[in-house]
Amino acid sequence: MDHGSDDRSAITNARFARRVVRQSPGVSVATRINQTGPRLKIEPCDSCHLRRKRLSSHGRSGFCSVASPLRLSMLVRIQPAARWSVSEVRNLLFAPKPEAMALQGASENAIASGFGSNKNPVATYEPDHKAWSLSMMAKTGCRPELACVLFFLCLLPQRVAAGADRPNIVLIMVDDMGWSDLGCYGGEIDTPHIDSLARDGLRFTRFYNNAVCGATRASLLTGLYCQQTGHRGDRWNEPKDFSRCVLIPELLQANGYHTAMVGKWQGRDLAVKRGFDRFFGPNCRGKISYWDAVVQNDFSLDDQPWAFPDDFFMTDAFNDYSVEFLQDAVAGEKPFFLYVGYIAPHWPLHAREETIAPYRERYRQTGWDGWREARLARQRELGLLPAGATPAARGRFVPDWSKDPNKDWQAERMSVYAAQISNVDRGVGRLLEVLEQSGADENTLVLFLSDNGAAPDGGFGPSSSGFGFSPQANNARWRKDGVAIRPGSGPDLLPGPPDTFSAYGLAWALTSNTPLRDAKQSAYEGGIRTPLIARWPTVITQGGGLTSQAGHVMDMMATCLDLAGVEYPVEFQGRRPVPMEGRSLAPIFRGEQRQGHELLAWKCARGRAIQIGDWKLVRPRDNQPWELYNLETDIGETHNLAVDQPDRVNRMAAKYEAWRQRVGAK
Ligand SMILES: [Ca+2]
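If you're wondering where the values come from, they're calculated on a predicted model, not measured in any experiment. (Residues numbered from 1 in each chain as written. Predicted model: local features only at pLDDT ≥ 70, side-chain atom pairs only at ≥ 80, totals over all residues.)

Turning to the overall build of the protein, a few remarks are in order. Broken down by element type, the protein carries 18 helices and 22 strands. When the 666 residues of the protein are sorted by exposure, 52% land in the buried category. A separation threshold of at least 6 residues defines the contact pool for the protein, and within that pool the share at least 24 residues apart is 70%. (Helix = DSSP H or I, 4+ residues; strand = E, 2+ residues; numbered from the N terminus. Buried ≥ 20, exposed ≤ 12 C-beta atoms within 10 Å, placed from the backbone. Contact = placed C-beta atoms within 7 Å.)

Structure, rendered in structure tokens:
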């Protein structure tokens, strides 16, 4: 590759930005520049041209470190096809920091300089070349590559930020849903709209949460391990004051996004005090009902208490407000971020009869054993379970379906659970309809995931008590209307209606999590692995794909900031947030191999774990030894290799300990 040849030697801005990302852990840069707007090319500087050096002499940063240790320059070429005028580009390049910059003249020959007192980058538009020449003096003692990276970091995010076409983001998270409940992950539950996201988008097969509601939400919203936010990691609903961190909506709101949330909120402040322009949902501090107002779950609409209508059903209300907020958002001028935090299919098993009915025969005829086998077969067909990969062993204590004496009741439990997911699916369908009708769908990233694996609660057989309700208890204290809950569940007390409170139990939960081991709150994969579907027609152009690149809910912050062209702040509204841990998923959306996390680690309610590549070290309880698995061949964590590979165990255990101390995990 010769520097003298414009096209062959130039590197695109997006490639450069990706290099920056690779070299600057924790820093995210918008890299969609090659998708829309003017296309920029960074070309070798004059010195390089003179010396006819090869591009590789620019080192890893792509900048010249040969010509001079202090003077750096580059040519930014605006493609002739660009639809923005030169002055618009100049404004995009330099508008972000007007106070630090002197713009001299307004013509196309303008020279812009400034960007702080210690560096003096100069940008000159060269009409003959239809290009901006950028040069700067690096600060003495500063690595020139680094200086240039910093310089361009000033430019890139705001360039995109000022554009009119930053993507909208719709982030949908369900609660306690298993890995394979969705049709597109091998399940038998009817989820046509969610499946359509997969058909048009990308499914992740190794994406992780924190095994429980509160811990996952803490990571999701902040880009940090939950312990770094002050959350212990093992409590579903520990209050989060977020004083050590900053939230996605806060940063997007401060950078020109319209932000809205519907659903489960667990913060100390109202959501509208933490970055959301609009909010509907409960501040969830206790067990909830889908049918009624209950204690410890006050609902708000924005900053006002919300009065329950007579025909309230929670998932329907979430669907209605999501649609309303989305309709407002697509009608507005700003790009938007909509976060829908469904509580379904979390227990209690509440659903409308017409939603349950279609499932009854399905689960009466085939139980947890049969559906587990069917899911495994479907997963092999879909490529979700690679040939040779071992699924989890069948739960040791799980009763044999064929011998279960209460099949109709068992089937009813799973039918209500399935109905809850169907209800979410209908809401997703309505949201997609709004996006499509408004034309916003092309440049809207829709993400769908679950906050933890399927929940094991509910027992294997009928009961007369549970979840704090029992024949001896005062069961009328929970609902605000004072109607008592009938405690327990069984053939004579089927789940679903407003005066019941039950869950579907471990047997069904393990089928929901097929082919993974264990369930919610566990550090085995059944606790921490979630489906993640990403649909973004502008960027993910080949639908139906799968990626096995690993990611974590804390990557959502980096992803949102990357796409919005926003830098993670050192200081925000008086807070100095812990540096971001997450990494942008955008390269994966583009079909690239991203530089992933060196490791991922967990301290869950039940167990702790660390993953490095395909290797996973997991300790199911603190008084039990480490177990070692290779997830590539053993997705079900069936064959413990710890005894065979003591060195690997020791190395990974040491890394776990270093991680634990670094993030402050117990
Ligand atoms: Ca949950």
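That shown, we press on.
On to the nonpolar core. Counting 143 residues, the largest nonpolar core has Leu-338, Leu-447 and Cys-560 as the members making the most contacts within it. When residues in this core are grouped by element, the largest group, 13 residues, is from helix 13 (residues 407-438). When residues of this core are sorted by domain, at least three fall in each of domain 2 (168-598) and domain 3 (602-663). Once you skip the residues sitting within four places of it in the chain, Leu-338 turns out to touch Val-170, Ala-260, Phe-325, Leu-326 and Ala-329. (Core = buried A, V, L, I, M, F, W, Y, C linked by C-beta atoms within 7 Å. Domains from an automatic or database assignment.)

Another point: the packing of helix 6 (residues 192-200) against helix 13. Interhelical geometry of helix 6 versus helix 13 gives an angle of 55° and a closest axis separation of 7 Å. The orientation of helix 6 with respect to helix 13, classified from their angle, is oblique. Facing Pro-192, His-193, Ile-194 and Ser-196 of helix 6, the residues of helix 13 in contact are Asp-425, Val-428, Gly-429 and Leu-432. Partitioning the contact of helix 6 with helix 13 into residue classes produces four nonpolar, three polar and one charged. (Axes fitted to C-alpha atoms, helices over the stretch in contact; angles between N-to-C directions. Parallel < 35°, antiparallel > 145°, perpendicular 65-115°, else oblique. Nonpolar A, V, L, I, M, F, W, Y, C, P; charged D, E, K, R; others polar.)

Let's shift gears to helix 6. Taken as a whole, helix 6 has its buried residues at Ile-194, Leu-197, Ala-198 and Asp-200. Against the buried residues of helix 6 lie strand 9 (202-208), helix 13, strand 15 (444-450) and strand 16 (529-535).

A word on the packing of helix 12 (residues 368-382) against helix 14 (residues 505-512). Two elements in contact, helix 12 and helix 14, have axes separated by 9 Å at closest approach and are oriented at 10°. Taken together, helix 12 and helix 14 sit at an angle that is classed as roughly parallel. On helix 14, the residues touching Trp-368, Trp-371, Arg-372 and Arg-375 of helix 12 are Ala-507, Trp-508 and Thr-511. Here the residues of the contact of helix 12 with helix 14 are counted per class, giving four nonpolar, one polar and two charged.

Remark on secondary structure: sheet strands pair via backbone hydrogen bonds, oriented parallel or antiparallel. Strand order in the open sheet made by the four strands is 19-20-21-22, with antiparallel pairing throughout. Since the sheet does not close on itself, it has two edges, and those belong to strand 19 (600-603) and strand 22 (627-630), each with one partner. Put simply, the sheet's adjacent strands are angled 15° from each other on average, direction ignored. Sheet strands touched by helix 18 (residues 646-663): strand 19, strand 20 (608-612), strand 21 (615-619) and strand 22. Its angle to strand 20, the strand with the most contacts, is close to 110°. (Pairing = 2+ DSSP bridges.)

A word on helix 7 (residues 213-222). Extensive coverage of helix 7 is indicated by the burial of ten of its ten residues. Of the surrounding secondary structure, the elements contacted by the buried residues of helix 7 are helix 8 (248-254) and helix 16 (555-564).

Once that is clear, we can look at the environment of Ser-243. Here Ser-243 shows up in the loop between helix 7 and helix 8. Note on Ser-243: 11 C-beta atoms within 10 Å, which makes it exposed. Taking the C-alpha atoms as reference, Ser-243 lies 8.7 Å from Arg-576; in sequence the two are 333 residues apart.

This brings us to the environment of Ser-300. Summarising the element assignment, Ser-300 is placed in strand 12 (residues 299-301). Spatially, the C-alpha atoms of Ser-300 and Asn-283 are 7.8 Å apart, while their sequence positions differ by 17 residues. Excluding anything up to four places from it in sequence, Ser-300 contacts Leu-270, Phe-279, Pro-305 and Trp-306.

Let us now look at the pairing of strand 19. By the alternation rule, side chains of strand 19 split into Leu-600 and Trp-602 and Ala-601 and Lys-603, which are all buried. Judged from the four bridges that link them, strand 19 and strand 20 form a sheet pairing that is antiparallel. Looking at the pairing, Trp-602 lines up with Ala-609 of strand 20. Connecting the antiparallel pair strand 19 and strand 20 is a turn made up of four residues, with Gly-607 showing a positive phi of about 105°.

Before going further, it helps to examine the pairing of strand 8 (residues 168-174). The side chains of a regular strand alternate between both faces of the sheet. The element strand 8 is largely enclosed, with a buried count of seven among its seven residues. Burial along strand 8 is two-sided: Asn-168, Val-170, Ile-172 and Val-174 and Ile-169, Leu-171 and Met-173, pointing in opposite directions, are all buried. Across seven bridges, strand 8 lies against strand 15 in parallel orientation. In the strand pairing of strand 15, Val-174 is matched with Ser-450. Where strand 8 meets strand 14 (residues 336-341), five bridges bridge the pair, whose relative direction is parallel. When the sheet's bridge partners are listed, Leu-171 is paired in strand 14 with Tyr-339.

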